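Breakdown of the fold
Residue strings, one per chain:
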Amino acid sequence: MPKTRCTVCESTIAVAVNDQLAAGKSVRSLAQVFDISRSTLGRHAAHAAADRPAAATPIGVVDIQGRNRIAADATIDALRAAGRLESIDSARIATFQTLADAVDADPVNASLWREYRAAESTLREVNDDGNDELTEILGRLSTPMGDAEDKEL
Ligand SMILES: [Zn+2]
């Protein structure tokens, strides 16, 4: 199937734009961020979705969890399985999940990233008794934050 190409595809920001689209950002907001006309970006978004690997979910069709939320939930599950969440109030867990959703929705927001990482280390460090096994489990669960592992979803 021949791929459709446009000025956005040919530009140096194509990867960043596609990453943001895949993360669920709206054409309107991305048009402002990347300084592209909304109509140009809208045309690009239409074929960019079709050109993505089959594993990717079409924009706006399904309410998918972003990769940071998935990683956050995996961390919470591991902590809970290890009995480490018993003394953590649910509000702190909810804050962590909310921040994961926020960075998925707005991955170019540096202050959100700082809050998310702080919330994560808070959860991991509560009741930290130097359990090496748990540390290893969490280490395996850790997924690179940012844009490195998109293709594997
Ligand atoms: Zn395009």
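Structural notes, computed from the coordinates. None of these values were measured; they are calculated from a predicted model.

Counting secondary structure elements, the chain contains eight helices and zero strands. In the chain, the order of α-helices and β-strands from amino to carboxyl end is α-α-α-α-α-α-α-α. Residues classed as buried in the chain amount to 20% of the 153 residues present. The contacts in the chain between residues at least 6 apart in sequence include a share of 63% that link residues at least 24 apart.

Here we come to the packing of helix H6 (residues 90-105) against helix H7 (residues 110-125). At a closest axis distance of 9 Å, the pairing of H6 and H7 adopts a crossing angle of 145°. As H6 packs across H7, the resulting crossing turns out to be left-handed. Along its contact with H6, which presents Arg92, Thr95, Phe96, Leu99, Ala100, Ala102 and Val103, the element H7 presents Leu112, Trp113, Glu115, Tyr116, Ala119, Glu120, Thr122 and Leu123. The residue makeup of the contact of H6 with H7, split by class, is ten nonpolar, two polar and three charged.

All right, on to the nonpolar core then. By size, the foremost hydrophobic cluster in this structure holds ten residues: Val8, Val17, Leu21, Ala22, Ala23, Val27, Leu30, Leu41, Ala45 and Ala48. Those elements that place two or more of their residues in this core are helix H2 (14-22), helix H3 (27-34) and helix H4 (38-51). Formed by nine residues, the second largest nonpolar core is a distinct cluster that contains Phe96, Leu99, Ala100 and Val103.

In this section: the environment of Arg43. By the secondary structure assignment, Arg43 is in helix H4. Looking at Arg43, the number of C-beta atoms within 10 Å reads 16, which means it is partly exposed. Between the C-alpha atom of Arg43 and that of Val8, which follows or precedes it by 35 residues, the distance is 9.3 Å.

What follows covers the environment of Gln97. Counting through the fold element by element, Gln97 comes out in helix H6. With 27 residues separating them along the chain, Gln97 and Ile70 place their C-alpha atoms 9.2 Å apart. Apart from the residues within four sequence positions on either side, Gln97 is in contact with Arg69 and Ala72.

As a further point, take H7. In a regular helix each residue adds 1.5 Å, so 16 residues correspond to 22 Å; H7 covers 23 Å between its end C-alpha atoms and thus fits that length. Here H7 has its buried residues at Tyr116, Glu120 and Leu123. In an axial view of H7, the angular spread of the buried residues amounts to 65°, which keeps them on one side of the axis. Opposite the buried face of H7, by more than 90 degrees, sit the exposed residues Ala110, Ser111, Arg114, Ala118, Ser121 and Glu125. The secondary structure elements touched by the buried residues of H7 are helix H5 (67-81) and H6.

A few words on H5. Taking 1.5 Å of rise per residue, the 15 residues of H5 would be expected to cover 21 Å, and the 21 Å separating its terminal C-alpha atoms lies within 8% of that figure. Within H5, the full set of buried residues consists of Arg67, Asn68, Arg69, Ala71, Ala72, Thr75 and Leu79.

Axis separation between H5 and H6 bottoms out at 7 Å; the angle between their running directions is 160°. By the criterion of interaxial angle, the relationship of H5 to H6 is roughly antiparallel. As H5 runs across H6, the sense of the crossing is right-handed. Taking contact as the criterion, the partners of Arg67, Asn68, Arg69, Ala72 and Ile76 in H5 are, on H6, Ile93, Phe96, Gln97, Ala100, Asp101, Val103 and Asp104. Residue classes in the contact of H5 with H6 are distributed as six nonpolar, two polar and four charged.

Conventions used here
Residues numbered from 1 in each chain as written. Predicted model: local features only at pLDDT ≥ 70, side-chain atom pairs only at ≥ 80, totals over all residues. Helix = DSSP H or I, 4+ residues; strand = E, 2+ residues; numbered from the N terminus. Buried ≥ 20, exposed ≤ 12 C-beta atoms within 10 Å, placed from the backbone. Contact = placed C-beta atoms within 7 Å. Axes fitted to C-alpha atoms, helices over the stretch in contact; angles between N-to-C directions. Left-handed = near helix turned anticlockwise from the far one by under 90°. Nonpolar A, V, L, I, M, F, W, Y, C, P; charged D, E, K, R; others polar. Core = buried A, V, L, I, M, F, W, Y, C linked by C-beta atoms within 7 Å. Expected span 1.5 Å × (residues − 1). Arc of directions from axis to C-beta. Parallel < 35°, antiparallel > 145°, perpendicular 65-115°, else oblique.

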